[in-house]
Amino acid sequence: MPVARPETSDARVIAHVDMDCFYVQVEQRKQPELRGLPSAVVQYNEWQGGGLIAVSYEARKCGVKRSMRGDEAKAACPEIQLVQVPVARGKADLNTYRSAGSEVVSILAQSGKCERASIDEVYLDLTDAAESMLADAPPESLESIDEEALKSHILGMSREDGDDFKESVRDWICRKDADRRDKLLGCGMIIVAELRKQVLKETEFTCSAGIAHNKMLAKLASGMNKPAQQTVVPYSAVQELLRSLPIKKMKQLGGKLGTSLQTDLGVDTVGDLLQFSETKLQEHYGVNTGTWLWNIARGISGEEVQGRLLPKSHGSGKTFPGPRALKSVSNVKHWLNQLSEELSERLSSDLEQNKRIASTLTLHATAFRSKDSDSHKKFPSKSCPLRYGVTKIQEDAFNLFQAALREYMGTFGIKPQGNKQDTWRITGLSVSASKIVDIPSGTSSILRYFQSQPTTILSCSEDQCVQEHVAMTPSASEGCSEQISVETQAAMPEEDTKDTVLVSEKFPCQDVGSCPSNDATDAPSQSETNKCTQAKRIGRKINNSKEKNSGMPSIVDIFKNYNARPPSTQEDSTVSPTSKRANFGSSSSSHCSEVNQEVEERRETEWGYKIDEIDRSVFDELPVEIQREFRSLLRPNKRFDTGKSKGDGSASSIAHYFPPLNK
């Protein structure tokens with residue numbers, strides 16, 4: 001919740017657009033004969049005719065409510081037309097409604113910053129558009145105002161008995177003595193009215209709107225006069241709106257916090273909060289929440305319109321009420337597979353159409369004990385890094401469920417036993433993908449996005465690369481709210497571990513060949529093998545584990561492509577060039593073996609160059625870690641001076657000993 005008190009937020013123009021019984025309108029567009037008839041959209045199932053998810057205004061007049069089942073709706077309104085939601089994978093398929101909602105968003109987004117809050121509601125920040133209109137064509141200068149704008153409901157507008165409603169609205173909009181805030185709202189009214197007309201013309205959908213100085217007030221206003229109307233909240237009418245508003249109607253106060261305000265402070269309406277100081281509210285609910293409560297009681301909200309046309313997350317879920325509750329692991333797994341398949345399709349579509357990827361998979365469920373239906377302890381939610389691909393999502397979702405079930409049953413001191421579980425019931429399941437981000441534009445490969453992971457750029461398709469590497473992103477690994485730990489795996493009953501692999505903190509890629517980074521923990525890479533081999537060639541074993549993992553460059557790595565040719569000296573005729581000089585080039589395995597054997601016999605005490613001929617004055621030109629490595633390669637009993645040579649006084653550069661690369 002916001003802590004800081006917002007500044008000059010009353011100068012903004014925010015609209016909340018809410019579609020009128022949207023699912024019904026979508027079905028009426030498909031079946032025009034339903035227009036004007038009492039109708040409802042139902043998620044059909046065999047239990048009492050299914051649940052209603054949208055009810056037309058004609059049916060509402062007959063007493064039908066959205067909380068009813070299909071059978072109840074028919075009893076209340078025998079002539080009601082029930083339209084079933086499309087079904088896919090044994091559950092409701094809402095893609096038709098999502099697509100219809102996108103049509104509306106594309107129209108509304110043309111006039112300002114647009115935030116899609118759900119399938120059927122949108123926030124608009126029209127401040128810039130209203131400022132431009134006020135500067136170029138203020139309402140008082142307009143010869144005529146659109147009829148739809150003149151139907152607006154303006155809270156607090158004074159009107160004498162007998163006054164024409166539309167003329168009163170026109171007078172309010174065109175007041176020359178109005179303050180700047182009201183003038184901006186007047187411009188917002190005209191803009192929103194035009195947008196609503198455009199939506200109706202292009203989609204055949206009606207919508208209602210609330211127009212105010214912040215999102216909170218606009219949201220409250222949009223539902224006050226429906227359908228197909230708009231309501232305006234001037235700054236002077238804020239207290240009138242909030243004074244009698246039930247506390248539970250306010251966003252974020254419908255749950256425990258709202259109940260606490262009612263029981264602990266005797267607050268029944270938002271206006272009742274005005275009697276408490278900010279300090280008093282902070283004492284009861286903490287600094288952040290106390291300040292937030294103090295602000296909303298005065299209609300203050302600093303929440304910005306996010307400018308988001310696409311959803312923040314994707315999810316798929318299903319409820320299993322009453323006797324349909326799931327009672328076995330096999331049934332749960334079946335439904336998790338169905339939900340995961342739908343989620344995978346939506347993720348793939350989002351990736352293809354919008355170039356976005358998600359990084360966190362979360363499982364939610366509701367449950368109770370079969371022998372005690374009142375024991376509705378919260379079933380824990382579990383999250384893990386998301387791996388693309390339907391099979392992987394299915395596997396991970398099931399692993400998350402098993403971990404959550406063990407934790408849930410552990411609160412009762414009971415361990416679930418295989419498929420013979422008869423001590424729990426699942427009444428709801430859902431899987432969701434979150435932490436969705438855009439793929440940076442202009443990258444030649446999706447792997448470029450995962451810069452934090454030292455991985456080899458592979459020649460693979462975009463989908464394959466996402467599938468193998470998305471679990472490696474920092475947002476995926478750091479953002480998980482719940483991880484299944486090693487301790488959880490240790491506590492798992494033996495029966496459960498036979499056929500189930502627990503979710504680890506980092507999900508390994510299954511295709512090892514296309515995901516080399518996962519092999520790092522199991523076996524050294526080819527470069528590491530070469531590194532060890534080259535180290536042996538110059539008579540040094542890497543036996544310091546700290547040095548192995550420190551990430552410091554090794555002199556072998558830096559100079560492995562050089563052919564060493566030291567300054568002209570008289571070679572010791574008793575020692576072959578091969579044994580007296582380090583060979584950094586490629587060699588056959590037999591030659592390497594001979595060199596290694598000889599080096600071992602020399603007890604790792606000689607560098608490939610003649611030690612006495614190394615100019616100590618060049619040590620200062622080397623990085624500290626390489627200086628240390630040089631010293632470890634020299635004879636331990638050889639104390640050397642890193643100053644200038646005392647010979648002829650000449651100092652050689654390090655480049656003198658390591659000529660340029662052979663090309």
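Here the residue index of a chain counts from 1 through its sequence in written order. For a predicted model such as this one, the threshold for reporting local features is a pLDDT of at least 70, and the threshold for listing and counting side-chain atom pairs is 80 or more; totals across whole chains, interfaces and linings nevertheless cover every residue. Here the side-chain values reflect all heavy atoms present in the structure, with hydrogen atoms and water set aside.

Draft legend 1. Structural context of the overall build of the chain. Only runs of H or I of at least four residues qualify as helices and only runs of E of at least two qualify as strands under DSSP, and these elements are numbered from the N terminus. Looking only at helices and strands, the chain has 26 helices and 17 strands in total. Out of the 663 residues belonging to the chain, those deemed buried represent 45%. Taking the intrachain contacts of the chain between residues at least 6 apart in sequence as the baseline, contacts between residues at least 24 apart amount to 67%. As presented, the chain carries roughly 34200 Å² of accessible surface, and 48% of it is formed by carbon and sulfur atoms. For the exposure calls, accessible area comes from a 1.4 Å probe over protein chains only, and a residue counts as buried if that area is under 20% of its type's maximum, exposed if over 50%, partly exposed in between. The contact rule is simple, with two residues in contact once any of their heavy atoms fall within 4.5 Å. Where accessible areas are quoted, they stem from the Shrake-Rupley method and a 1.4 Å probe; at the residue level, only the protein chains shown are allowed to cover.

Draft legend 2. Region of interest: the environment of Ser141. Turning to its location among the elements, Ser141 is positioned in the loop between α5 (127–136) and α6 (147–150). Here Pro138 takes part through its backbone oxygen, which lies 2.6 Å from a polar atom of the side chain of Ser141. Between N or O atoms, a polar contact is any pair within 3.5 Å; within protein, one atom must be a potential hydrogen donor and the other a potential acceptor, and residues adjacent in sequence are included only when both atoms are from side chains.

Draft legend 3. Broad picture of the sheet that holds strand β4 (residues 81–84). For two strands to be treated as a pair, DSSP must find at least two bridges joining them. The 3 strands lie next to each other as β3-β2-β4, forming an open sheet whose pairing is mixed. The sheet is open, and its two borders are formed by β3 (51–55) and β4, each paired with just one other strand. Strand-to-strand twist across the sheet, computed as the mean angle between neighbouring axes with direction ignored, equals 35°. The sheet contact formed by strand β2 (residues 39–43) and β4 spans 4 bridges and is parallel. Following the sheet pairing, Val41 is matched in β4 by Val83. Structural elements are reduced to axes, namely lines fitted to C-alpha atoms, with helices fitted over the stretch in contact, and the angle between N-to-C directions of any two is expressed from 0 to 180 degrees. Docked against the sheet, helix α1 (residues 22–30) engages β2, β3 and β4, running at close to 105° with respect to β2.

Draft legend 4. Structural view of the sheet that holds strand β11 (residues 230–232). The 6 strands lie next to each other as β7-β8-β1-β10-β11-β9, forming an open sheet whose pairing is mixed. The sheet terminates laterally at β7 (113–118) and β9 (153–154), the two strands that pair on one side only. Sheet strands in contact with helix α4 (residues 95–108) are β1 (14–19), β7 and β8 (121–125), and its direction is about 160° off that of β7.

Draft legend 5. Here's a closer look at the pairing of β7. Alignment of β7 against β8, held across 5 bridges, turns out to be antiparallel. By the bridge assignment for β8, Ser118 is matched with Glu121. Linkage of β7 to β8, two consecutive antiparallel strands, is achieved through a turn of 2 residues.

Draft legend 6. Summary view of the pattern of salt bridges. A pairing counts as a salt bridge when a side-chain nitrogen of Lys or Arg comes within 4 Å of a carboxyl oxygen of Asp or Glu. Inspection of the entire model under this criterion finds 25 salt bridges. Note that Glu304 is salt-bridged to Arg12, the shortest N-O span being 3.2 Å. Note that Glu304 is positioned in the loop between α13 (287–296) and β12 (314–319) and Arg12 in the segment before β1, a separation of 292 residues in sequence. Glu304 sits in the partly exposed class, given a relative accessible area of 40%. Among the charged side chains, a salt-bridge network with shared partners connects Glu115, Lys215, Glu303 and Arg308.

Draft legend 7. Representation of the side chain of Asp20 within the structure. With respect to the helices and strands, Asp20 occurs in the loop between β1 and α1. A distance of 3.0 Å separates the side chain of Asp20 from the side chain of Thr206, its partner in a polar contact. Every residue in contact with Asp20, bar those within four places of it in the chain, is listed here: Gln25, Tyr57, Thr206, Cys207, Ser208, Lys226, Pro227 and Ala228.

Draft legend 8. View of the confidence of the model for the chain. A score between 0 and 100, pLDDT records how confident the predictor is in each residue. Across the chain, the average pLDDT comes to 75, with 62% of residues at 70 or higher. Element-level mean pLDDT values for the chain span from 35 in helix α18 (residues 486–490) up to 98 in strand β10 (residues 207–212). In this model residues 637–652 is a low-confidence stretch, pLDDT under 50, and it forms 28 contacts with partners more than four residues away in sequence or in other chains.

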